[in-house]
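What follows is each chain in one-letter form.
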Amino acid sequence: MPRPGNAGGLSRYSTYYLVAPWKFGLDRETIDPLDGKSVTLKGTLIYRGNQTMIETKPEWIQANEKSSAPAAVPQAVALGKQTLVGEIVDSKCFFGVMNPGQLTPHRACGIRCISGGVPPVLLARKKDGPAIYLLLVSADGKPVNKQVLEMVAAPVEITGEVERQGESLILRADPATYRKL
């Protein structure tokens with residue numbers, strides 16, 4: 001969504017993951033007709049660092065009938081092919097719903113959330129900087145939830161194309177090429 005006022009050097013847009021209550025992602029068939037449209041919604045913010053999601057329900061999302069213009073979508077910026085090492089976590093718990101939201105103690109919960117449609121994220125920690133979070137999608141941008149379940153909460157190495165869309169980083173790679181370490 002467009003940031004109000006001067007973005008102060010940040011992206012002109014804020015990017016939010018959307019999830020449903022409990023351990024579920026939003027039903028894509030229900031929200032797909034709203035793709036690319038300007039909407040109004042209500043929900044609960046979940047956040048960690050610069051990553052934010054909104055827990056909402058399809059009935060709480062309404063197309064803005066007064067706006068005929070399509071919603072502004074930030075352009076994806078290709079950052080090139082990269083090999084990253086990290087841990088696959090479910091974004092909802094890691095961004096703030098659960099503690100610790102990662103590692104072996106959270107494995108069973110993470111598997112349930114990701115199998116329920118919560119977006120999987122690669123948590124990659126830098127030695128001398130903040131952790132980075134990358135939304136995991138297939139090489140063609142499709143969800144990879146079912147393909148990553150066996151690798152949740154385990155160290156993995158993933159090579160793929162990284163892009164930035166607004167504040168979000170996206171890692172496009174074939175899950176068959178993910179390597180458990």
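Everything that follows concerns the structure shown earlier in this document.
The text that follows walks through the structure, step by step, so that each part is easy to find.

## What to know about the overall build of the protein
At step 1: Scanning the protein from N- to C-terminus turns up four helices and 12 strands.
At step 2: By sequence separation, contacts in the protein at least 24 residues apart represent 70% of the contacts at least 6 residues apart.
At step 3: Of the accessible surface of the protein, which amounts to about 10400 Å², a share of 54% is contributed by carbon and sulfur atoms.

## Examining the side chain of Ser138
At step 1: Relative to the helices and strands, Ser138 resides in the loop between strand E9 (132–137) and helix H4 (145–148).
At step 2: One polar contact links Ser138 to Asp140, side chain to side chain, over a distance of 2.3 Å.
At step 3: In contact with Ser138, other than residues within four places in its own chain, are Val144, Arg172 and Ala173.

## Some words on the nonpolar core
At step 1: Grouped together as the largest cluster of nonpolar side chains are 19 residues, with contacts concentrated most on Ile88, Leu122, Leu134, Leu136, Ile158, Leu171 and Tyr178.
At step 2: Only strand E7 (76–90), E9, strand E10 (155–165) and strand E11 (168–172) provide two or more residues apiece to this core.
At step 3: With three residues, the single largest contributor to this core is E10.
At step 4: Among residues more than four places away in sequence, those in contact with Leu136 are Ile88, Pro120, Val121, Leu122, Val144, Ile158, Leu171 and Tyr178.
At step 5: Formed by 17 residues, the second largest nonpolar core is a distinct cluster that contains Ile46, Val121, Leu123 and Leu135.

## Considerations on the pattern of salt bridges
At step 1: Applying the stated rule across the entire model yields four salt bridges.
At step 2: A salt bridge links Arg179 to Glu157; the nearest nitrogen and oxygen atoms lie 3.2 Å apart. A residue pair is termed long-range when its members are at least 10 positions apart, and Arg179 in strand E12 (residues 179–180) and Glu157 in strand E10 qualify at 22 residues.
At step 3: Here Arg172 makes a salt bridge to Glu163, at a shortest N to O gap of 3.0 Å.
At step 4: When its relative accessible area of 26% is taken as the criterion, Arg172 is described as partly exposed.

## Details of the layout of surface pockets
At step 1: The space that makes up the largest pocket amounts to roughly 1800 Å³.
At step 2: For the lining of the largest pocket, the secondary-structure elements that each account for two or more residues are strand E1 (16–20), helix H1 (28–31), strand E3 (39–41), E9, E10 and E11.
At step 3: Residues belonging to the lining of the largest pocket are distributed by class as follows: 23 nonpolar, 12 polar and seven charged.

## Describing helix H3 (residues 107–115)
At step 1: Buried residues of H3: Cys109, Gly110, Cys113 and Ile114, and no others. Burial along H3 is one-sided: seen end-on, the buried residues are contained in an arc of 125 degrees.
At step 2: Just downstream of H3 lies Gly117, where phi reads positive at about 110 degrees.

Procedures and definitions
Along every chain, residues carry numbers that run from 1 in the direction the sequence is written. Two thresholds apply to this predicted model, a pLDDT of at least 70 for residue-level local features and 80 or more for giving and counting side-chain atom pairs, whereas whole-chain, interface and lining totals are computed over all residues. The side-chain values count all of the structure's non-hydrogen atoms but skip hydrogen atoms and water molecules. Strands here are runs of E lasting at least two residues and helices are runs of H or I lasting at least four, both read from the DSSP assignment and numbered beginning at the N terminus. Contacts are residue-level and defined by heavy atoms, with any inter-residue pair within 4.5 Å sufficient. Method for areas: the Shrake-Rupley scheme with a 1.4 Å probe, in which residue coverage is limited to the protein chains shown. Here a polar contact means two N or O atoms within 3.5 Å. Within protein one must be a hydrogen donor candidate and the other an acceptor candidate, and residues neighboring in sequence count only if both atoms are side-chain atoms. The nonpolar core is taken to be a set of buried Ala, Val, Leu, Ile, Met, Phe, Trp, Tyr and Cys residues, with the residues joined through side-chain atoms within 4.5 Å. Only protein chains enter the calculation, and the probe is 1.4 Å; a residue is then buried if its accessible area is under 20% of its type maximum, exposed if over 50%, and partly exposed in between. Every case where a carboxyl oxygen of Asp or Glu lies within 4 Å of a side-chain nitrogen of Lys or Arg is listed as a salt bridge. Throughout, the protein atoms alone are placed on a 1 Å grid, and a set of points is a cavity if a 1.4 Å probe fits but cannot get out or a pocket if it is open with protein on both sides within 12 Å along at least five of seven lines; lining residues have an atom within 4 Å of a point. Grid points are joined across faces, edges and corners, and a volume is the space filled by probe spheres set on the points. Side-chain classes are defined by residue name, with Ala, Val, Leu, Ile, Met, Phe, Trp, Tyr, Cys and Pro counting as nonpolar, Asp, Glu, Lys and Arg as charged, and the others, Gly among them, as polar. By definition, the arc is the one covered by directions from the helix axis to the C-beta atoms.

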